[in-house]
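Take a look at the letters that make up each chain.
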Amino acid sequence: MAQDTVDLAALIAWLDSFRGYVTENRAYLTELDSAIGDADHGINMTRGMDAVFAKIKEAQDGGTPFATIDDLFKAVGMTMVTSVGGASGPLYGTFFLRMGRTAGTAETLDAAGLGAALRAGLDGVVARGKAEAGDKTMFDAMSPALDAYDAAVAGGADPAAAAQAASAAADAGRDATTPLVARKGRASYLGERSAGHLDPGATSTALLFQALAETLAA
Amino acid sequence: MAQDTVDLAALIAWLDSFRGYVTENRAYLTELDSAIGDADHGINMTRGMDAVFAKIKEAQDGGTPFATIDDLFKAVGMTMVTSVGGASGPLYGTFFLRMGRTAGTAETLDAAGLGAALRAGLDGVVARGKAEAGDKTMFDAMSPALDAYDAAVAGGADPAAAAQAASAAADAGRDATTPLVARKGRASYLGERSAGHLDPGATSTALLFQALAETLAA
Amino acid sequence: MKKLINNPDDVLADALVGLAAAEPLLNVDKKNRIVYRATPKDQGKVALISGGGSGHEPMHGGLVGLGMLDAACAGAVFTSPTPDQMEEATKVVDRGAGVLHIVKNYTGDVMNFEMAAELADAAGIQVESVVTHDDVAVEDSTWTAGRRGVGLTVLLEKIVGACAETGADLATVKALADKVSASGRSMGMALTSCTVPAAGKPTFDIAEDEMEIGVGIHGEPGRHREKLAPAHEIAQMLVDPILADFDFTGAPAIVFVNGLGGTPLIELYLMYGEVAALLEKAGITIARSLVGPYMTSLEMAGTSVTVLRADDEILKFWDAPVVTPGMRWGA
Amino acid sequence: MKKLINNPDDVLADALVGLAAAEPLLNVDKKNRIVYRATPKDQGKVALISGGGSGHEPMHGGLVGLGMLDAACAGAVFTSPTPDQMEEATKVVDRGAGVLHIVKNYTGDVMNFEMAAELADAAGIQVESVVTHDDVAVEDSTWTAGRRGVGLTVLLEKIVGACAETGADLATVKALADKVSASGRSMGMALTSCTVPAAGKPTFDIAEDEMEIGVGIHGEPGRHREKLAPAHEIAQMLVDPILADFDFTGAPAIVFVNGLGGTPLIELYLMYGEVAALLEKAGITIARSLVGPYMTSLEMAGTSVTVLRADDEILKFWDAPVVTPGMRWGA
Ligand SMILES: Nc1ncnc2c1ncn2[C@@H]1O[C@H](COP(=O)(O)OP(=O)(O)O)[C@@H](O)[C@H]1O
Ligand SMILES: Nc1ncnc2c1ncn2[C@@H]1O[C@H](COP(=O)(O)OP(=O)(O)O)[C@@H](O)[C@H]1O
Ligand SMILES: [Mg+2]
Ligand SMILES: [Mg+2]
Ligand SMILES: [Mg+2]
Ligand SMILES: [Mg+2]
């Protein structure tokens, strides 16, 4: 049953669900990256999320579970940064680090608070990668997702409903990357040949929002 | 119409016919050498016989045609030695050099004289390569060919008929190399795996005698 | 997938074990996946580090040593290393005169090195960076990520490494790096794809009679696919865009014909002959040359051509002693 | 057939053009297909020549230079050169102290070098020969052509080349060559076949999950075909027959992991790690190592392992300066 606030356990459940999705889609994401990149996106994301969960488990088993959302996301972000490499490591890493910094010492987030944290994450991705709409990157899934989320919250939606809207928008944004000619990341080296393929990073980002929607709906 | 003696023109015609056969069988001989060697026998033999004919043409067009059989075969043998390399270069080269040395200043050879020259060639091959019967080499086509030739001459055959017998024996000798496990040359490195394949050198040698039989029968 | 490996996820770790065992010139920090000189350079000299995804050997680990790099950070196959590796390497190699980061222009490499530079800066180490971007196959525009860094990186590491060995200060070293980076152009092509071990299958399919023109070094497809052509035509397809992009006349040139991993040396020498003939026809004076697989793309078959406009300073540093597993002369 | 070549029949000629253009250390006699040192050694020193089919680059042309070979004769791809080439090379490099012919044990190479030695002898030049035959994959018997000469040839050329550089006489040089030849063993394997350019298609077919164990360097199939295995098992398959054939304990060893042309360096380092671990487990002390594609088989993917039982003399000559395009250190 959906809640008005999201707590640390729910956020960890979200990350766990995301890990499950990238693991399940390891070959698929890598295959997408074969077409217009260097055939490692699924490998990178799986390595990163596995490391994230090793870190979370270490904290929980070590008796020092995360006290605040910032604690959690700082660990998640730093682990992504230090275990993934490539483009997705700094980008997803910065996303989570900024989420944490924005959530601060909170132990739960309401719909608006979660939205603010997610948007800070998106801003971090833009600060790092300078991507704009239509560059055929994860931005093209993430940005419409955040817009849909904010619109839903403005309309009174709870976190689960807003996440549901975000997930639908991320999927649409992901699908809309297909015809685009890439202007950022590795796919840009292909020029016109990058058109006609889904962007791998937009695809993993859509999984991130799908995981969020499903976790919060549960 | 068959003749009692073989003159320089006939010997050149023989070499020309042999060249034709190795050219025609370039890919086939190379394929045989792929199975149990290094995939070059047809290439080697074609390179050699092309060089031989460039040499013969040079002598003829240059106004200094070969005066004796030794002159001819010395040029042929040296050209094989200096243009082929590998195992077949020294072996076929020595074969022709010894034929020439044995024929000496003769301008024609009778059946026995041709037989003596050919046998000297075979002896040269053995001196160079130390092959014995059953080693799965050109010896296994050449040696029975010479035995058949000599037997035919002993029975009163003219050169054409003796060459016919030699060609049939060379073919049989060639075919008999299939089951053998190679003990000389590159195929020996394969051990038991060399069995079940025709020997490339025995195959080119059978073409040498086929060319001789057809040339003399013409 | 046919490779001499154990578990596909352990390729880098296993290769570092072998590198450590095979090369007494190198120290390998296996945990942090950093390759150092066994004998560090003297205090007071600028240090050079580079790094990048693995699968390009001998670059960069095999280019660590006297007259070249001080350390190299190894990422997973075709994946930039992480900022913590680079920060650690920067701290270890700094001899009090600052550290130059040599970065190839890929989004991931650039972002990770940027984060590392911020971290090193916070730790009080002077860091400068040079980003190579020599691949003329890629269109250059302010709207895109710009050109890839490819073969020129090897030449730059050699030349700038020799400069740092003289005790030049960080500003001088950085200025030379910028000059080299600005004066070289590259173009590559592939006959086959390669297989990222953890992916398990070739990155792209390509027919027996096709080739990719304008590839980088990560097994990615190139700019366009063409019918297979003779070497002299391929040389033309590589040399033409290089010459169209930059003026190499009127100065000595360093020419580098690189192998992508699956192409044997006999073909690289053959290609060098074709490339040299075209450059000479275009009025370019080849002063130095380098032929071999120095910057590979796993087992991809193919080649790349790099031309660097040199001058006396660059040639002097090119000729200076270098003692690394992958490049060695003069000492 | 995917290769960076023009006409398949011109591969050697074209590659020699490129080699001549790329390597100022070498002089190339394109007509006779002989590669010489640009600067001949001093009068009174024994000269070394080698030669063999092409397709094994850098061996032998790329191993010509100070401290190694004086000349190399190049045959067609995988085909021994001819006696006239070897005779010419012998005459040119002789500095009055005689010439050592380094021959790999293949029927063709042996016969052609024999004829060349006879010719040189007739011309009044003292010639000695050493025939390498280190491949334990091949059974040794008086009834057969004996073992192939493979990886040990590279080590022998280095070590004996250094000895000749000291001014040692022909008997001394020959004795060292015999000692090295007697003290090394090799074993190779292939993941793929290669394609002889003039043949136009792979020498053998092999499935995606198979490998050939006990191959030589001419693209020939090996002694047996096995299912593909992890690198540590492959290392075992190569090391075991080497150790079973010769005792390497109680002396320093030189270990050489060679690439066959299509295998990139990252895999060779990985293999070296596996091989070194096995040798150490067997109580063998590795004193020196060499990793890389020094004796290739066109674009064949695969590797070979060579172990040489060394001693102080051999190690001294191994460490001595060498300046060739393919191997370079200490000068
Ligand atoms: N500048 C950028 N801004 C945002 N996202 C980017 C940028 N560059 C690349 N990406 C995303 O990263 C994804 C590729 O990630 P990954 O394959 O893991 O890294 P790499 O490209 O280094 O191999 C792309 O599909 C794209 O969505
Ligand atoms: N010692 C030998 N004596 C006689 N013939 C031999 C000997 N060694 C090899 N051959 C012959 O040479 C043939 C191979 O010739 P070729 O392929 O041209 O040379 P290579 O083996 O050097 O590549 C074999 O098929 C065999 O018939
Ligand atoms: Mg990628
Ligand atoms: Mg052959
Ligand atoms: Mg990557
Ligand atoms: Mg051959």
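Each remark here, short or long, concerns the structure printed above.
Residues numbered from 1 in each chain as written. Chains lettered and ligands numbered in written order. Predicted model: local features only at pLDDT ≥ 70, side-chain atom pairs only at ≥ 80, totals over all residues. Heavy atoms only, no water.

Caption draft 1: Representation of the interface of chain C and chain D within the structure. Facing 55 residues of chain C, the contacting portion of chain D comprises 56 residues. Of the roughly 4400 Å² buried between chain C and chain D on both sides combined, carbon and sulfur atoms contribute 65%. For chain C, the biggest contributors to the area lost against chain D are Lys2(C), Leu4(C) and Ile266(C); these three give 21% of the whole. Between the two partners, chain C and chain D, sit 0 salt bridges. The interface formed by chain C and chain D includes 22 residue pairs in polar contact (both at pLDDT 80 or more). When contributions to the side of chain C that touches chain D are tallied by element, the ones reaching two or more residues are helix H1 (11-22), helix H6 (231-245), helix H7 (265-281), strand E11 (285-292), strand E12 (302-309) and strand E14 (328-329) of chain C. Ranked by residue count, the leading element in the side of chain C that touches chain D is H7(C), at 9 residues. For the side of chain C that touches chain D, the per-class residue count stands at 29 nonpolar, 14 polar and 12 charged. (Contact = heavy atoms within 4.5 Å. Buried area = accessible area lost by both parts, 1.4 Å probe. Salt bridge = Lys/Arg side-chain N within 4 Å of Asp/Glu carboxyl O. Polar contact = N/O pair within 3.5 Å; in protein donor to acceptor, adjacent residues only side chain to side chain. Helix = DSSP H or I, 4+ residues; strand = E, 2+ residues; numbered from the N terminus. Nonpolar A, V, L, I, M, F, W, Y, C, P; charged D, E, K, R; others polar.)

Caption draft 2: Broad picture of the relation of the copies chain C and chain D. For the match of chain C to chain D, the screw axis carries a shift of 0.0 Å, the RMSD comes to 0.0 Å, and the turn is 180°. Taken together, the turn and the small shift mark the pair as related by a two-fold rotation axis. Using C-alpha coordinates, one finds that chain C approaches the rotation axis most closely at Gly262(C), a distance of 2.0 Å. Mapped onto chain D, 100% of the interface residues of chain C again fall at the interface, so both copies present the same surface. (Least-squares fit on C-alpha atoms with pLDDT ≥ 70 in both.)

Caption draft 3: Summary view of the layout of surface pockets. Space inside the second largest pocket adds up to approximately 1100 Å³. Taken together, 40 residues line the second largest pocket, and the ones lying closest to its centre are Thr192(C), Glu208(C), Thr192(D), Ser193(D) and Glu208(D). Residue composition of the lining of the second largest pocket, grouped by class: 17 nonpolar, 11 polar and 12 charged. (1 Å grid on protein atoms, 1.4 Å probe; cavity = no way out; pocket = protein on both sides within 12 Å on 5 of 7 lines; lining within 4 Å. Points joined across faces, edges and corners; volume = space filled by probe spheres on them.)

Caption draft 4: Up close: the site of ligand 2. Taken together, 21 residues lie around ligand 2, and His41(B), Ser88(B), Gly129(B), Asp199(B) and Gly201(B) are the ones closest in. The environment of ligand 2 is shared, with nearby residues belonging to chains B and D. Arg186(B) has a polar side-chain atom sitting 3.1 Å from an oxygen atom of ligand 2. Taking Gly201(B), its main chain carries an N or O atom lying 2.9 Å from an oxygen atom of ligand 2. In isolation ligand 2 exposes 560 Å². Once the protein is present, 96% of that is buried. Looking at the shell around ligand 2, the elements with two or more residues in it are helix H3 (41-61), helix H5 (88-103) and helix H9 (200-217) of chain B. With 3 residues, the top contributor of residues to the shell around ligand 2 is H9(B). The residue inventory of the shell around ligand 2, partitioned by class, reads 6 nonpolar, 9 polar and 6 charged. (Near = heavy atom within 4 Å. Areas by Shrake-Rupley, 256 points an atom, 1.4 Å probe, with all protein chains shown as cover.)

Taken by themselves, the reported measurements are silent on function.
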